[in-house]
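Structural features, examined
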Amino acid sequence: MMSGYVRRAFSYRNMLWLRTSGAVRVCDASPVKIGVADSNRVFTLPATPNFSVESRRAFAKGRKSKDEGGVSTIEVPPNVGPTIKANAVSQMEAAMAALSAELNKLRTGRASPGMLDHIIVEASGLKMPLNRVAVVSVIDLKTLSVNPYDPQTLKQLENAIVSSPLGLNPISDGERLIAVIPPLTKEHMQAMTKLVAKSCEDARQSIRRARQKAMDAIKKLYSSLPKDDIKRLEKEVDDLTKKFIKSAEDLCKAKEKEISQG
């Protein structure tokens, strides 16, 4: 009974109060001996660590560890510059690929194998791009040959080409389709030229967005890279931007010239 009373009376909270009030002096490494009034019994409590001292020691140790290297710095991987440029190049190349695909969809007066690639053919219950179903080749400047991998899909190929906005009417010889490219009207040329200009501007915007993403990534390195390295990296990204924009514009000019020749 008495031991239970002592355990409750000298709980951990009470021991902390006793320490701070000075009623009992506790050594960090020594047990505490407490006598109970009206009794010759002495109870020994296990030593408890000095929380405030230990906390200060831990804090000081952590601060010292933090300051051992002097001024805090941010470690930057050595390949961060090439990585930023590689990401920018990848995005700019994707913009060029998208531009090329859009331009290939436009019909000009000249036969081109890629002009049918975007047509979707439904065969055997599946919808697939035409270039997955047949091989398209150029017979001459005005004529295309469409050879199906499976002769059973010849009719589906013909229907898909006729239904496309290209305005083609292929003829079947039983094994393949022959598509003659009709000459462009003036109105069609003007419409195609506007589409080329729009596609070119879309490509420019995509390339500039890739540049902006790269520049934003470089800005995050201002506090961790030398100023000369930052300037050099920014110039390299700008040079890439100019290079890809020029390539996009050259591709569009070539397409406009092809359209104008009918």
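Just so you know, the residues in each chain are numbered from 1, in the order the chain's sequence is written. The predicted origin of the model limits local features to residues at a pLDDT of at least 70 and limits the giving and counting of side-chain atom pairs to 80 or more, whereas totals for whole chains, interfaces and linings rest on all residues. Neither water nor hydrogens contribute to the side-chain values; these are computed over all heavy atoms in the structure.

1. Some details on the overall build of the protein
Helical segments are the DSSP runs of H or I of at least four residues, strand segments are the runs of E of at least two, and each set is numbered from the N terminus. The helix and strand tally for the protein stands at eight helices and eight strands. For the protein, the proportion of its 262 residues judged to be buried stands at 31%. Any two residues whose heavy atoms approach within 4.5 Å are treated as being in contact. Excluding contacts between residues fewer than 6 apart, the proportion of contacts in the protein whose partners are at least 24 apart in sequence is 60%. For accessible areas, the Shrake-Rupley method is used with a probe of radius 1.4 Å. Any residue's cover is judged against the shown protein chains and nothing else. Of the accessible surface of the protein, which amounts to about 17300 Å², a share of 55% is contributed by carbon and sulfur atoms. Each residue's exposure class comes from its accessible area (1.4 Å probe, protein chains only) as a fraction of the maximum for that residue type: buried when under 20%, exposed when over 50%, partly exposed otherwise.

2. A closer look at the sheet that holds strand β6 (residues 143–148)
For two strands to pair, DSSP has to find at least two bridges joining them. Read across the open sheet, the four strands follow the order β5-β6-β8-β7; overall the sheet is antiparallel. Edge positions in the sheet fall to β5 (134–140) and β7 (171–172), since each has one partner strand and no second.

3. Some remarks on helix α7 (residues 186–219)
In this scheme, a helix's expected span is set at 1.5 Å multiplied by one less than its residue total. Here α7 contains 34 residues, and its C-alpha end-to-end distance of 50 Å stays within 8% of the 50 Å for a straight helix at 1.5 Å per residue. Those residues of α7 that sit buried are M192, V196, S199, C200, A203, R204, I207, A210, A214, M215 and I218. Each element contacted by the buried residues of α7 is listed here: α4 (80–105) and α8 (227–260).

4. Quick look at the pattern of salt bridges
Should the charged atoms of two oppositely charged side chains come close, the side chains can pair. Salt bridge, as applied in this entry: a Lys or Arg side-chain nitrogen positioned within 4 Å of an Asp or Glu carboxyl oxygen. A complete count under the given rule lists twelve salt bridges for this structure. E249 is the partner of R204 in a salt bridge, and the nearest nitrogen-oxygen pair spans 3.0 Å. Taken as a pair, R204 in helix α7 and E249 in helix α8 lie far apart in primary sequence, 45 residues in all. Residues R232 and D229 are paired through a salt bridge, measuring 3.9 Å at the closest nitrogen-oxygen approach. With R232 and D229 both in helix α8, this residue pair falls three residues apart, about one helical turn. Its relative accessible area of 44% is what places R232 among the partly exposed residues. Salt bridges here are not isolated pairs; linked through shared partners, they connect K85, D229, R232 and E236.

5. With respect to the packing of α4 against α8
Helix axes are fitted to C-alpha atoms over the stretch in contact, other axes to C-alpha atoms as well, and angles between N-to-C directions run from 0 to 180 degrees. Here α4 crosses α8 at 10°, and the two axes come no closer than 11 Å. Classed by the angle they form, the pair α4 and α8 counts as roughly parallel. The residues of α8 that touch α4, namely those facing G81, I84, K85, V89, M92, E93, M96, L99, S100 and L103, are L233, E236, V237, L240, T241, F244, S247, A248, L251, C252 and K255. The residue classification treats Ala, Val, Leu, Ile, Met, Phe, Trp, Tyr, Cys and Pro as nonpolar and Asp, Glu, Lys and Arg as charged. All others, Gly included, are polar. In terms of residue class, the contact of α4 with α8 is built from 13 nonpolar, four polar and four charged. Note on terminology: angles under 35 degrees are roughly parallel, angles over 145 are roughly antiparallel, angles of 65 to 115 are roughly perpendicular, and the others are oblique.

6. A word on the nonpolar core
Only buried Ala, Val, Leu, Ile, Met, Phe, Trp, Tyr and Cys residues count toward a nonpolar core, and they belong to the same one when joined by side-chain atoms within 4.5 Å. Counting residues in each nonpolar core, the largest one holds 29 residues, and the members touching the most others are I84, M92, I207 and I218. Of all the elements in the fold, those that place two or more residues in this core are α4, α7 and α8. Judged by nonpolar contacts, the second largest core, of 20 residues, contains I119, V121, L166 and I181.

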